[in-house]
Amino acid sequence: MVTPRISYAHLLAKPNPKHVESLLKFFESGRAERGTGGFGVEIEHLPVHNGSDTAVSYYEPNGIEALLKRLAPYYDEEKEYWENGHLVGLGRPGVSVSLEPGGQVETSIGILKKPSDLITLYTKFRREADPILEDLDFRLVNYGYQPKSSFADVPVNPKDRYDAMTDYLGRVGQFGPCMMRCSASTQVSIDFVDEHDAIEKMRLGTVIGPILAYFFRNTPYFEGETNPWPLLRQRMWDYLDFQRTNVIPGLFDPRFGWEDYAIDVLSTPLMFADLTHTPEAVASGASPKELHRPAFRENAGDVYPDRELNPYEINHIISTHFNDVRLKNFVELRHWDSLPIERAERLTEIVASLFYVPENRERLESYFDGITEEEVFEAKANIQAHGRQASPYGQPLEFWKEFLGLEGLLSDIPGDPNHPDVFQE
């Protein structure tokens, strides 16, 4: 009997070796010089009407589309992103503005050399956006979930990808439409110097992410009611679609490497195929709907040609995975609710201290040496079940607050200044 080296969710899938090699080269291209310590930060905002606090949609008069069009002069015209005749993204050096499925406005900021750079770039974005928002009579809120509206009240924005995701995620797991239309997050990306460094950071990020998420929890509401879960974001993602979410299969096997991650990503059904930058498909005369189409069963090897993948194709394939920690040509930590900018900066400072200060990093690696995937699952469930009384990895939350250096969390800064007394319990 032959036993697989690592148990994956896709044991009978056979990724294309040329595609595997493409991802390995892509990961290799992300290697940074030792000590560089760069960051990227993404903050998603929930658009809500002034007065009613209900969700603002893309299509309504004075809605998200109007906001983007009025912001456009501040950004580079050649970096505008249009789909189906609608403006859905903006960009300029240091900042890009894009949309999540329910019209959530995401600002991607970086590469930052130090956490305090975040405030500078974000403040410029808000200085340009806030007068427009005031005129349109809505605001951007930093909560993990819409305060008043249900997923059923929020239409998806005009991306073919989101139509396919709605169809697929609405039929699997529990919370696909809720996550897509009403949730919002903060994500922090860090660099790596080689394969070993990348894998270690992915492991550590997966281990401590739920603990940091508890101390930075920021989701008072769910579906118009008080949020019943200590970590709603984790609850949605963990029960969404296990083949592309939660802990990366095999990550805590000491033999795990980039190739294992590439095989896992390439073996997963794509959910949505983007062939707009695949020369063979474009040259075939395929229609726009054929270049943007659902792929509920097909994986990358079924969709893309038998050759090395180009960077656009690689980024699209990876973007169909939503693990707690995701590897691109950087390491993306994805655990956290949308946070007001001051708290996002503090979170980034903590991430910098834990991952870029050698003595802190070594202390973490020593403490968690030999940890298993099952222990991570247990810790996540422990926080979810016990909240303030949780003991993830066998230690109370007060221990982790000290061990991880979680001081000055700015937990008195509200996610919505219009409701300064509203916080998640």
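Residues numbered from 1 in each chain as written. Predicted model: local features only at pLDDT ≥ 70, side-chain atom pairs only at ≥ 80, totals over all residues. Heavy atoms only, no water.

Where an unreviewed UniProt entry is consulted, the protein chain appears under the name Glutamate--cysteine ligase, with the organism given as Bifidobacterium olomucense. In UniProt, the protein chain has this text filed under Catalytic activity (unreviewed entry): "L-cysteine + L-glutamate + ATP = gamma-L-glutamyl-L-cysteine + ADP + phosphate + H(+)". Recorded in UniProt for the protein chain, the comment headed Function (unreviewed entry) runs: "Catalyzes the synthesis of gamma-glutamylcysteine (gamma-GC)." (UniProt positions renumbered as here; feature names shortened; annotations may be inferred.)

A. Just empty space enclosed by the protein, in detail. Summed over all chains, the structure comprises two cavities of 30 Å³ or more. If you go around the largest cavity, the residues you meet are Ala213, Arg233, Gln234, Trp237, Asp238, Phe322, Asn323, Asp324, Arg334, His335 and Lys380. Among the elements that line the lining of the largest cavity, the one with the most residues is helix α7 (residues 232-238), at four residues. By residue class, the composition of the lining of the largest cavity is three nonpolar, three polar and five charged. Estimated volume of the second largest cavity: approximately 50 Å³. (1 Å grid on protein atoms, 1.4 Å probe; cavity = no way out; pocket = protein on both sides within 12 Å on 5 of 7 lines; lining within 4 Å. Points joined across faces, edges and corners; volume = space filled by probe spheres on them. Helix = DSSP H or I, 4+ residues; strand = E, 2+ residues; numbered from the N terminus. Nonpolar A, V, L, I, M, F, W, Y, C, P; charged D, E, K, R; others polar.)

B. Spatial organisation of helix α6 (residues 195-215). Between its first and last C-alpha, α6 extends 30 Å over 21 residues, near the 30 Å set by a 1.5 Å rise per residue. Taking the largest bend as the criterion, α6 deviates by roughly 40 degrees, centred on Ile208, and proline Pro210 comes between one and four positions later. In terms of burial, α6 is a largely internal element, 19 of the 21 residues being buried. The opening residue of α6 is Asp194, an N-cap whose side-chain oxygen sits 3.3 Å from the backbone nitrogen of His196. (Expected span 1.5 Å × (residues − 1). Bend = angle between axes of the 7 residues up to and from the residue. Buried < 20%, exposed > 50% of the residue type's maximum accessible area, 1.4 Å probe, protein only. Polar contact = N/O pair within 3.5 Å; in protein donor to acceptor, adjacent residues only side chain to side chain.)

C. Inspection of the pattern of salt bridges at higher detail. As enumerated under the stated definition, the model contains 28 salt bridges in all. Here Asp53 makes a salt bridge to Arg139, at a shortest N to O gap of 2.5 Å. A residue pair is termed long-range when its members are at least 10 positions apart, and Asp53 in the loop between β1 (39-49) and α2 (64-71) and Arg139 in strand β6 (residues 138-141) qualify at 86 residues. Grouping residues by exposure puts Asp53 and Arg139 together as buried. Asp241 is paired through a salt bridge with Arg244; the nearest N and O atoms lie 2.6 Å apart. A relative accessible area of 8% places Asp241 in the buried class. (Salt bridge = Lys/Arg side-chain N within 4 Å of Asp/Glu carboxyl O.)

D. Spatial organisation of the environment of Val156. Within the secondary structure, Val156 is located in the loop between β6 and α4 (160-169). Among all residues touching Val156, those that are not within four sequence positions of it are Tyr59, Pro101, Tyr162, Asp163, Thr166, Met180 and Arg181. (Contact = heavy atoms within 4.5 Å.)

E. Geometry of unusual backbone geometry. A cis geometry characterises the amide bond from Gly110 onward to Ile111, with omega recorded as 10 degrees. The backbone of Asn246 sits at a positive phi, close to 70 degrees, despite the residue not being glycine. Looking at the element boundaries, Asn246 is found in strand β10 (residues 245-246). At Met271, a residue that is not glycine, the phi angle is positive and equals roughly 80 degrees. A relative accessible area of 1% places Met271 in the buried class.

F. Structural detail: the packing of aromatic side chains. The full count for this structure, using the stated rule, is 26 aromatic pairs. Ring geometry for Phe27 versus Tyr261: centroids 5.8 Å apart, planes at 55 degrees, classification tilted. You can see Phe27 sitting in helix α1 (residues 17-29) and its partner Tyr261 sitting in helix α8 (residues 258-267), a full 234 residues away along the chain. Here Phe27 matches Tyr261 in class, with each residue buried. Here Tyr367 and Phe368 contribute two aromatic rings whose centre-to-centre distance is 5.1 Å and whose plane-to-plane angle is 75 degrees, an arrangement assigned as edge-to-face. Its relative accessible area of 33% is what places Tyr367 among the partly exposed residues. What makes Phe368 buried here is its relative accessible area of 7%. Here Arg92 stacks its cationic end above the ring of Tyr75, 4.2 Å away from the centre of that ring. The ring centre of Tyr214 lies 4.0 Å from the NZ or CZ of Arg217, which sits over that ring. (Phe/Tyr/Trp six-rings, centres within 6.5 Å; stacked < 30°, edge-to-face > 60°. Lys NZ or Arg CZ within 6 Å of the ring centre and 35° of its normal.)

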